[in-house]
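Listed below, chain by chain, are the residues.
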Amino acid sequence: MKPSIVIWDWNGTVLDDFDISLDAVNYILEKRGLPHMDRETYYDCLDTPIIKFYQKALGKQDVDFEGISLDFNTYYRNNLNRAKPTQGVIDIIKALDDMGVPQMIISASHISYIDSALKELSIRKYFKSVIAAEDYVAGSKVDRAEAFMKDSDIPKKRRLVIGDTRHDHEMAKRIGAQCILLTSGHEGRKKLSTTDAIVLDTLTIDDIFSAVR
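Just so it is clear, the structure is predicted and the values come from calculations on it, not from any experiment.

The helix and strand tally for the protein chain stands at 10 helices and 8 strands. Relative to the compact-globule value of 17 Å for 213 residues, the protein chain shows a C-alpha radius of gyration of 17 Å, a close match. Projecting the C-alpha coordinates of the protein chain onto the three principal axes gives extents of approximately 50 × 35 × 30 Å. Residues classed as buried in the protein chain amount to 51% of the 213 residues present. Within the protein chain, contacts between residues separated by at least 24 positions form 64% of all contacts whose residues are at least 6 apart in sequence. Accessible surface, the protein chain as shown: approximately 10,400 Å² in total, 48% of it carbon and sulfur. Across the protein chain, the 29 positively charged side chains and the 33 negatively charged ones have centroids separated by 4 Å.

Shown next as structure tokens:
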């Protein structure tokens, strides 16, 4: 069945920015005299709200979240040109548009990062809405999604969220949507498999149609 709306997460889903994000975290750790972490440790630490991630990464509850956020965003912004679209996703976005499927982005990332990348990739026209953060704290997407879909008449079984974290699954649950989670992003298969979402290494159009049957 064709979905009536596809809601994309941005970081780790449309945009493959894992390496930049890991490098930014390691920059934060190195600046504070701590050893670097690898991909699996990053997966183990990832949590929401994001302050919980840094409490785990730094090994203490009392963290300078403002300073950490500034360091992360400075590094990330300066290295954003290294990020590339997740393999195959742009073709799927274009194919869905050709089929007349409305698409949108809901993200915890800052709107300026997304706008810049959408312009660079020439894909803004494929999304009816882009809902993202107006600050640099990487807050919850769930409330944003719920507010947007509050008065929607789209049947829940035909709503589809595509993301890469359990937080995206939480967002899908809140709005009654079906959910696909990609292992190529920020959390990895081990944690994603604890949800009842469809967990995939790569995404195809057939996967999208299967998810809303």
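Next up on the list: the environment of Leu192. Inspection of the secondary structure puts Leu192 in helix H9 (residues 189-192). When the C-alpha atoms of Leu192 and Leu181 are compared, they prove to be 7.0 Å apart, with 11 residues separating the residues in sequence. Ignoring anything within four residues of it in the chain, the contact list for Leu192 reads Asp164, Thr165, Arg166, Leu181, Leu182, Thr183, Glu187 and Val199.

This paragraph deals with the packing of aromatic side chains. Using the criterion set out here, one finds 8 aromatic pairs in the structure. Measuring from centroid to centroid gives 5.3 Å for Tyr76 and Tyr113, while their planes differ by 40 degrees, and the two rings are tilted. Placement of Tyr76 in helix H4 (residues 65-79) and of Tyr113 in helix H6 (residues 111-121) is noted, with a sequence separation of 37 residues between them. A relative accessible area of 3% places Tyr76 in the buried class. Overall, Tyr113 belongs to the buried group, its relative accessible area being 6%. Arg39 extends its terminal NZ or CZ atom over the ring of Phe18, reaching a point 4.0 Å from the ring centre.

This paragraph deals with helix H5 (residues 89-98). Listed as buried for H5 are Val89, Ile90, Ile92, Ile93 and Leu96. Within H5, the buried residues cover an arc of 160 degrees as seen down the axis, which keeps them to one side. The exposed set on the far side of H5, more than 90 degrees from its buried face, consists of Asp91 and Asp98. For H5, the elements touching its buried residues are strand E1 (5-8), strand E3 (84-85), strand E4 (103-110) and helix H10 (205-211).

Turning our eyes to something else, we now look at the packing of helix H1 (residues 18-31) against helix H3 (residues 50-58). Two elements in contact, H1 and H3, have axes whose closest approach is 11 Å; the angle formed by their N-to-C orientations is 50 degrees. Looking at the two axes, H1 sits oblique to H3. Judged by the twist between their axes, the crossing of H1 over H3 is right-handed. Note on element contacts: H3 touches H1 through Phe53, Tyr54, Ala57 and Leu58, opposite Val25, Ile28 and Leu29.

Most of E4 sits inside the fold, with 8 of its 8 residues counted as buried. The pairing of E1 with E4 spans 3 bridges and is parallel. Looking at E4, one finds that Ile7 is bridged to Met104. Of the pairings in the sheet, the one linking E4 to strand E5 (residues 129-133) comprises 4 bridges and is parallel in character. From the neighbouring strand, His110 faces E5, where its bridge partner is Ala133.

Right, let's get into the sheet that holds strand E8 (residues 198-200). What the 6 strands build is an open sheet, ordered E5-E4-E1-E6-E7-E8; its pairing is parallel. Looking at the sheet topology across the chains shown, the edges are occupied by E5 and E8. Neighbour-to-neighbour, the strand axes of this sheet turn through a mean angle of 20 degrees, independent of strand direction. Bridging between strand E6 (residues 159-163) and strand E7 (residues 178-182) involves 4 bridges; their strand directions are parallel. Bridge pairing in E7 links Gly163 to Leu181. In the packing of H5 onto the sheet, the strands contacted are E1 and E4, and the crossing angle to E1 comes to about 155 degrees. Packed onto the sheet, H6 meets E4 and E5 and runs at close to 130 degrees relative to E4.

The rules behind the values
- Residues numbered from 1 in each chain as written.
- Predicted model: local features only at pLDDT ≥ 70, side-chain atom pairs only at ≥ 80, totals over all residues.
- Heavy atoms only, no water.
- Helix = DSSP H or I, 4+ residues; strand = E, 2+ residues; numbered from the N terminus.
- Rg over C-alpha atoms; globule rule 2.2 N^0.38 Å.
- Buried < 20%, exposed > 50% of the residue type's maximum accessible area, 1.4 Å probe, protein only.
- Contact = heavy atoms within 4.5 Å.
- Areas by Shrake-Rupley, 256 points an atom, 1.4 Å probe, with all protein chains shown as cover.
- Lys, Arg positive; Asp, Glu negative; His and termini not counted.
- Charge placed at Lys NZ, Arg CZ, Asp CG, Glu CD.
- Phe/Tyr/Trp six-rings, centres within 6.5 Å; stacked < 30°, edge-to-face > 60°.
- Lys NZ or Arg CZ within 6 Å of the ring centre and 35° of its normal.
- Arc of directions from axis to C-beta.
- Axes fitted to C-alpha atoms, helices over the stretch in contact; angles between N-to-C directions.
- Parallel < 35°, antiparallel > 145°, perpendicular 65-115°, else oblique.
- Left-handed = near helix turned anticlockwise from the far one by under 90°.
- Pairing = 2+ DSSP bridges.

Read these as geometric descriptors, not functional statements.
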